[in-house]
Amino acid sequence: MSVQERKQRERAERERLIVATARELAEQQGWDAVTTRLLAERIEYSQPVLYSHFRGKREIIGAVAIDGATEMAAAVRAAASGAHGPRERVAALANAYLDFAVRNPAVYDAMFQLDGGLAFARDDTPEPLKDAFAALKESLGAVAGDGVDPGLFTEVFWAALHGVATLTRAGRLPPGDTARRVELLVDRLAVP
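Per an unreviewed UniProt entry, the protein chain goes by the name TetR/AcrR family transcriptional regulator and belongs to Cryptosporangium japonicum.

1. Thoughts on the UniProt feature "DNA-binding region" (unreviewed entry) in the protein chain
Mapped onto this numbering, the UniProt entry annotates "DNA-binding region" (unreviewed entry) at residues 35-54. Secondary structure within residues 35-54 divides into 75% helix and 0% strand; the distance between the first and last C-alpha atoms comes to 12 Å.

2. Considering the UniProt feature "domain: HTH tetR-type" (unreviewed entry) in the protein chain
Within this structure's numbering, the places UniProt gives as "domain: HTH tetR-type" (unreviewed entry) are residues 12-72. Taken end to end, residues 12-72 has its terminal C-alpha atoms 22 Å apart, with 80% of it in helix and 0% in strand.

3. Here's the deal with the nonpolar core
Taken as a class, soluble globular proteins show a tendency for nonpolar side chains to be buried jointly. Core analysis: the biggest nonpolar cluster contains 49 residues, and Trp31, Leu39, Phe157 and Leu161 have the highest contact counts within it. Listing elements by their share of this core, those giving two or more residues are helix H1 (3-29), helix H2 (36-43), helix H4 (57-81), helix H5 (86-103), helix H6 (105-112), helix H7 (127-140), helix H8 (150-169) and helix H9 (178-189). Considering each element in turn, this core owes the most residues, 9 residues, to H4.

4. Re the packing of aromatic side chains
For the coordinates displayed, the defined rule picks out 6 aromatic pairs. With 4.9 Å between their ring centres and 65 degrees between their planes, tyrosine 108 and phenylalanine 112 make a pair best called edge-to-face. Here tyrosine 108 and its partner phenylalanine 112 are both found in helix H6, 4 residues apart, which amounts to about one turn of the helix. When its relative accessible area of 1% is taken as the criterion, tyrosine 108 is described as buried. One cation-aromatic arrangement involves arginine 14 over tyrosine 45; the distance from NZ or CZ to the ring centre is 5.7 Å.

5. Here's the deal with the side chain of histidine 53
In this fold, histidine 53 is placed in helix H3 (residues 47-53). A distance of 3.5 Å separates the side chain of histidine 53 from the side chain of glutamate 15, its partner in a polar contact. Not counting residues up to four positions away in its chain, the partners in contact with histidine 53 are Arg11, Arg14, Glu15, Ile18 and Glu59.

6. Details of the packing of H7 against H8
One can describe the packing of H7 onto H8 by two numbers: an axis separation of 9 Å at closest approach and a directional angle of 105 degrees. Here H7 lies roughly perpendicular to H8, going by the angle between them. Of the residues in H8, those in contact with Phe133, Leu136, Lys137 and Leu140 of H7 are Pro150, Gly151, Phe153, Thr154, Glu155, Phe157 and Trp158. Tallied by class, the residues present in the contact of H7 with H8 amount to 7 nonpolar, 2 polar and 2 charged.

7. Details of the pattern of salt bridges
One pass over the structure, following the stated rule, counts 13 salt bridges. Note that glutamate 10 and arginine 6 form a salt bridge whose closest N and O atoms lie 3.0 Å from each other. Linking glutamate 10 with arginine 6, this pair stays in helix H1, spanning 4 residues, or about one helical turn. Linking arginine 180 and aspartate 177 is a salt bridge whose minimum nitrogen-to-oxygen distance equals 3.2 Å. On the basis of relative accessible area, aspartate 177 is assigned to the partly exposed category, the value being 25%. One network of salt bridges, in which partners are shared, links Arg77, Asp131 and Glu138.

Criteria and cut-off values
- Residues numbered from 1 in each chain as written.
- Predicted model: local features only at pLDDT ≥ 70, side-chain atom pairs only at ≥ 80, totals over all residues.
- Heavy atoms only, no water.
- UniProt positions renumbered as here; feature names shortened; annotations may be inferred.
- Helix = DSSP H or I, 4+ residues; strand = E, 2+ residues; numbered from the N terminus.
- Core = buried A, V, L, I, M, F, W, Y, C linked by side-chain atoms within 4.5 Å.
- Buried < 20%, exposed > 50% of the residue type's maximum accessible area, 1.4 Å probe, protein only.
- Phe/Tyr/Trp six-rings, centres within 6.5 Å; stacked < 30°, edge-to-face > 60°.
- Lys NZ or Arg CZ within 6 Å of the ring centre and 35° of its normal.
- Polar contact = N/O pair within 3.5 Å; in protein donor to acceptor, adjacent residues only side chain to side chain.
- Contact = heavy atoms within 4.5 Å.
- Axes fitted to C-alpha atoms, helices over the stretch in contact; angles between N-to-C directions.
- Parallel < 35°, antiparallel > 145°, perpendicular 65-115°, else oblique.
- Nonpolar A, V, L, I, M, F, W, Y, C, P; charged D, E, K, R; others polar.
- Salt bridge = Lys/Arg side-chain N within 4 Å of Asp/Glu carboxyl O.

This is the structure we're talking about:
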């Protein structure tokens, strides 16, 4: 391995460490607790080293969001692949999405609530975000119905799931009714 390759590998490892540490801090204490000073302290590097990877907290949030999108896409696909029939896949997808939001609240916030400097629904949207949407669309397109644009249907269904996730977490919807909400979404929105 050349010196250049070793330096690139070490840089990538430091970047992963920064993102993982930011995520861990955010999950434990919330995003307000994530500061470049505290991150530098936790990873045992100076702030200038941290700034050599990210220009600030906004880019760190974006990196956490991209990792989260990759994880969410995998979770949704895994859940949908284990179900039989289009409607069952949609229910499995919905439950996997909501479970991801519950298990990873800080990551979910980075993905959908906080400014991570990422473009959504544009040509310059990062590939992991496009893939997360594609993971939803793969199952939802099959139940959109005749004459309904699968992408538009996916956006509406996703918006409903996002509403359930955020309103439940905020205490505005009782968490015990989540399964019934998913059932209602599937029954009313997904064409057999």
